[in-house]
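These are the residues of each chain, in order.
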Amino acid sequence: MELVFLLICGGVAVIASLLVIFARSTLHSALWMVLSFFMIAVVYVLLQAQFLAMLQVIVYAGAIMMFIIYAIMMLNLRQESRQKTGARISKIIGVGSLIVLFLELMLVSLGNNLTPIPGPVSEKLVATYGRMAVISNFLFSDYLLPFEVVSILLTAGVVGAVVLAKRER
Amino acid sequence: MVDNQSIYLALAITLFIIGAVGAICRRNAIVVFMCIEIMLAGVGIAFVTFSSANHSLDGIFMVIFVMAVAAAEAAVGLAIFLLMYRKLGTIDLDKFNLLKW
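Criteria and thresholds
Residues numbered from 1 in each chain as written. Chains lettered and ligands numbered in written order. Predicted model: local features only at pLDDT ≥ 70, side-chain atom pairs only at ≥ 80, totals over all residues. Heavy atoms only, no water. Helix = DSSP H or I, 4+ residues; strand = E, 2+ residues; numbered from the N terminus. Rg over C-alpha atoms; globule rule 2.2 N^0.38 Å. Buried < 20%, exposed > 50% of the residue type's maximum accessible area, 1.4 Å probe, protein only. Lys, Arg positive; Asp, Glu negative; His and termini not counted. Charge placed at Lys NZ, Arg CZ, Asp CG, Glu CD. Phe/Tyr/Trp six-rings, centres within 6.5 Å; stacked < 30°, edge-to-face > 60°. Expected span 1.5 Å × (residues − 1). Arc of directions from axis to C-beta. Contact = heavy atoms within 4.5 Å. Axes fitted to C-alpha atoms, helices over the stretch in contact; angles between N-to-C directions. Parallel < 35°, antiparallel > 145°, perpendicular 65-115°, else oblique. Nonpolar A, V, L, I, M, F, W, Y, C, P; charged D, E, K, R; others polar.

**Here's the deal with the overall build of chain B**
Broken down by element type, chain B carries three helices and zero strands. In sequence order, chain B lays out its α and β elements as α-α-α. For 101 residues, the compact-globule estimate of 2.2 N^0.38 gives 13 Å, and chain B exceeds it by more than 25% at 17 Å. Here the C-alpha coordinates of chain B stretch approximately 55 × 25 × 20 Å along the principal axes. Of all 101 residues assigned to chain B, the portion counted as buried reaches 63%. Across chain B, 6 positive and 6 negative side-chain charges occur, with their mean positions spaced 20 Å apart.

**Notes on the packing of aromatic side chains**
Residues and elements named next belong to chain B. As enumerated under the stated definition, the model contains five aromatic pairs over all chains in all. The interplanar angle of 90° and the centroid separation of 6.3 Å between the aromatic rings of Phe33 and Phe81 together place this pair among those described as edge-to-face. One end of the pair, Phe33, is in helix α2 (residues 29–53); the other, Phe81, is in helix α3 (residues 58–88), with 48 residues separating them in the sequence. Its relative accessible area of 5% is what places Phe33 among the buried residues.

**Describing helix α1 (residues 2–22) of chain A**
Think of an α-helix as 3.6 residues a turn; residues three or four steps apart then line up on the same face. The end-to-end C-alpha separation of α1(A) is 30 Å, in line with the 30 Å expected for 21 residues at 1.5 Å each. Regarding α1(A), the residues found buried are Leu6(A), Cys9(A), Gly10(A), Ala13(A), Val14(A), Ala16(A), Ser17(A), Val20(A) and Ile21(A). Along the long axis of α1(A), the arc covered by the buried residues comes to 165°, so they all point the same way. Facing away from the buried side of α1(A) by more than 90 degrees, the exposed set consists of Ile8(A), Ile15(A) and Phe22(A). Its buried side turned inward, α1(A) meets α2 (26–46) of chain A together with α1 (5–25) and α2 of chain B.

**As for the packing of helix α7 (residues 144–165) of chain A against α3(B)**
Where α7(A) meets α3(B), the closest approach of the two axes is 9 Å, and the angle between their N-to-C directions is 10°. With respect to their mutual orientation, α7(A) and α3(B) come out roughly parallel. Here Pro146(A), Phe147(A), Val150(A), Leu153(A), Leu154(A), Gly157(A), Ala161(A), Leu164(A) and Ala165(A) of α7(A) come into contact with α3(B), specifically with Phe65(B), Ala68(B), Val69(B), Ala71(B), Ala72(B), Ala75(B), Val76(B), Ala79(B), Ile80(B), Leu82(B), Leu83(B) and Arg86(B). Per-class residue counts for the contact of α7(A) with α3(B) are 19 nonpolar, one polar and one charged.

Purely geometric stuff here, so don't read any function into it on its own.
Shown next, in the form of structure tokens:
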């Protein structure tokens, strides 16, 4: 059952990501991107990371894609989409080396039998307290400093965006 | 060990490479930006796979922080695209050569 869901959702995610690249219109790319993010959220659920799946839908498919679609609507991109992309030697070399990297990664990660190291979050701990409580416990103890740093970074990012986009009078 | 671990890893690698190819081949700045988000998603799947294989939460926290940084990056990046569009009238990446000598 899990395998069937994984194959369907993973396949749709890969196809949607390919369509992001190949779509002619930027807005269509953004909409395929939303589909891809939803499918990745399903993959997170299959990996027992339900919290992350919710964050994926709310933050990525909700907030970030909203940002991007607003930006596309504010810019007039119609004339760019006509231009033909010239195949230049640097692009060919780049894509070729990426294909080599792809094959290498596939061989390394699929060929070997990876043995796990059991970490601190056992099945018993999750069954006793629930996954969410365990996650929040770790987030507000071991990961408190990165959490605060990220909150400062987000505030700085929002202020920076407003300052950059403001029209000078 | 997660069931079907190799399939999750293959999915992660495929998404990463698709994003990288798009970031190289496309010239529209917003599409390149979305391709980078695809690469981040692929890395996230790999992180979560290893995290649940090892009964650990470190990978999940890494993905949470990556999401937060990606949100900040989206805000600043799109503001920069808007500014570039006002200055140059296009967001074609080949035309952004202010820092090239």
